[in-house]
Amino acid sequence: MKPVLLKRDLAADFFDPLAAIPEIPAVWNGPHVATRIVEGFATLRLMPGGIRIGTRSAWPTYSYEFADLIAQHEQGELERTMAIQNRIRITPSARDVERAMKATYWPTQYLYARQPNLCESVNAVALAHALERDAGWVARKRGGYADTWRERHDRGCEIIAASLTTDRVPVF
């Protein structure tokens, strides 16, 4: 009988299921605060109704006839149209909504009274990141320079982190 050589998959040796879970710091820091505020805005965008309340209906946006589907297939657009029609919206859990409400309130709670320009920067840049945009987008929309918006955002998040640590808010 001939010996059988088995080839092992080396990827299984290096697989770590916890690698996808980000590290939670022991105390609040600016980048972690920024992450939580961005996650908060992204969670609030997933809420039913969202920003565009009243503009959606149960009816499809367009009724496709058979001839339309054939024309889309010939142009290569049929798959994209079908993907748009089959999209579902997953609503966040109550815990996610609670965290989002807390995190999105931090700039107002800790910055608005003393430094409203930092509050505006933190909210604007965090919302841009939740919309998958950058500080350059904020600068184009509101004026100024992207570096200034980013620097104010980072400084505001550091102040919020120090305040959260002082108030002994648990890190999540």
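Preceding this section is the structure that the text describes.
Calculation rules
Every chain is numbered on its own, with residues counted from 1 as its sequence reads. With the structure being a predicted model, the display of local features is reserved for residues of pLDDT at least 70 and the display and counting of side-chain atom pairs for 80 or more, all residues being used for whole-chain, interface and lining totals. Each side-chain value is derived from all of the structure's non-hydrogen atoms; neither hydrogens nor water enter the calculation. By the criteria applied, helices consist of DSSP H or I runs no shorter than four residues and strands consist of E runs no shorter than two, each listed in order from the N terminus. Relative accessible area decides the class of each residue, using a 1.4 Å probe on protein chains only: under 20% of the type maximum gives buried, over 50% gives exposed, and in between gives partly exposed. Note on definitions: a residue-residue contact is assigned when non-hydrogen atoms from the two residues lie within 4.5 Å. Only the protein chains shown count as cover for residues, and the accessible areas themselves come from Shrake-Rupley with a 1.4 Å probe. The length a helix should cover is 1.5 Å for every residue beyond the first. When a carboxyl oxygen of Asp or Glu lies within 4 Å of a side-chain nitrogen of Lys or Arg, that pair is called a salt bridge. Interaxial angle, 0 to 180 degrees, is taken between N-to-C directions of lines fitted to C-alpha atoms, where a helix line uses only the stretch in contact. To sort the angles, those under 35 degrees are grouped as roughly parallel, those over 145 as roughly antiparallel, those from 65 to 115 as roughly perpendicular, and the leftovers as oblique. Should the near helix be turned counterclockwise from the far one by less than a right angle, the crossing is left-handed, whereas a clockwise turn marks it as right-handed. All residues other than Ala, Val, Leu, Ile, Met, Phe, Trp, Tyr, Cys, Pro, Asp, Glu, Lys and Arg, Gly among them, are scored as polar; the first ten of these are nonpolar and the last four charged. For this analysis, a polar contact is any N or O atom pair within 3.5 Å, provided that within protein one partner can donate a hydrogen and the other can accept it, and provided that sequence-adjacent residues contribute only side-chain to side-chain pairs. Take the buried residues of types Ala, Val, Leu, Ile, Met, Phe, Trp, Tyr and Cys, join any two whose side-chain atoms come within 4.5 Å, and each joined set is a nonpolar core.

(A) View of the overall build of the protein chain. Looking only at helices and strands, the protein chain has 8 helices and 0 strands in total. Reading the helices (α) and strands (β) of the protein chain from amino to carboxyl end gives α-α-α-α-α-α-α-α. Within the protein chain, buried positions represent 26% of all 172 residues. A fraction of 71% describes how many contacts in the protein chain between residues 6 or more apart in sequence connect residues 24 or more apart. A total accessible area of about 13,100 Å² is found for the protein chain, and carbon and sulfur atoms account for 58% of it.

(B) Expanded view of helix α6 (residues 116-130). An ideal rise of 1.5 Å per residue puts 21 Å on 15 residues; α6 measures up with 21 Å between its terminal C-alpha atoms. Leu118, Cys119, Ser121, Val122, Ala124, Val125, Ala126, Ala128 and Ala130 are the residues of α6 that are buried. Just downstream of α6 lies Glu132, where phi reads positive at about 60 degrees.

(C) Region of interest: the environment of Gly30. With respect to the helices and strands, the residue Gly30 is situated in helix α2 (residues 30-45). Separated by 125 residues in sequence, Gly30 and Arg155 place their C-alpha atoms 7.8 Å apart.

(D) Summary view of the pattern of salt bridges. A full pass over the atoms with the stated rule returns 6 salt bridges. For Arg142, the salt bridge identified is with Glu120, shortest N-O distance 2.9 Å. Linking Arg142 in helix α7 (residues 135-142) with Glu120 in helix α6, this pair joins segments that are 22 residues apart in sequence. For Asp147, the salt bridge is made with Arg150, and the minimal N-O distance between the two is 2.8 Å. Taken together, the positions of Asp147 and Arg150, both in helix α8 (residues 146-166) and 3 residues apart, correspond to about one turn of that helix. A residue is classified by how much of its surface remains accessible, and Asp147, at 56% relative accessible area, is exposed.

(E) Region of the structure containing the packing of α2 against α6. Contact geometry for α2 and α6: axes closest at 8 Å, N-to-C directions at 60 degrees. Classified by the interaxial angle, the pair formed by α2 and α6 is oblique. Classified by chirality, the crossing of α6 by α2 is right-handed. Taken together, the residues of α6 that come into contact with α2 (itself represented by Ile37, Val38, Phe41, Ala42 and Arg45) are Val122, Asn123, Ala126, Leu127, His129 and Ala130. Residues that form the contact of α2 with α6 fall into these classes: 8 nonpolar, 2 polar and 1 charged.

(F) The side chain of Thr81, seen in detail. Tracing the sequence through the fold places Thr81 in helix α4 (residues 78-85). Side-chain polar atoms of Thr81 contact the side chain of Gln72, separated by 3.2 Å. A polar contact of 3.0 Å, which involves the side chain of Thr81, links it to the backbone oxygen of Glu77. The contacts of Thr81, once residues within four sequence positions are left out, are Tyr64 and Gln72.

(G) How the structure looks around the environment of Ala103. Topologically, Ala103 is positioned in helix α5 (residues 94-111). Ala103 sits 67 residues away from Arg36 along the chain, and the two C-alpha atoms are 6.2 Å apart. In this structure Ala103 touches Arg36 and Ile37, once residues within four positions along its chain are discounted.

(H) How the structure looks around the nonpolar core. Residues Trp28, Val33, Ile37, Trp106, Ile160 and Leu164 are the most contacted members of the largest nonpolar core, which totals 20 residues. Contributing elements (two or more residues each) for this core: α2, α5, α6 and α8. Ile160 has contacts with Val33, Ile37, Trp106, Pro107, Tyr110, Leu111 and Val122, leaving out every residue within four places of it along the chain. In terms of nonpolar packing, the next biggest core, distinct from the first, is built from 8 residues, Ala124, Val125, Ala139 and Trp149 among them.

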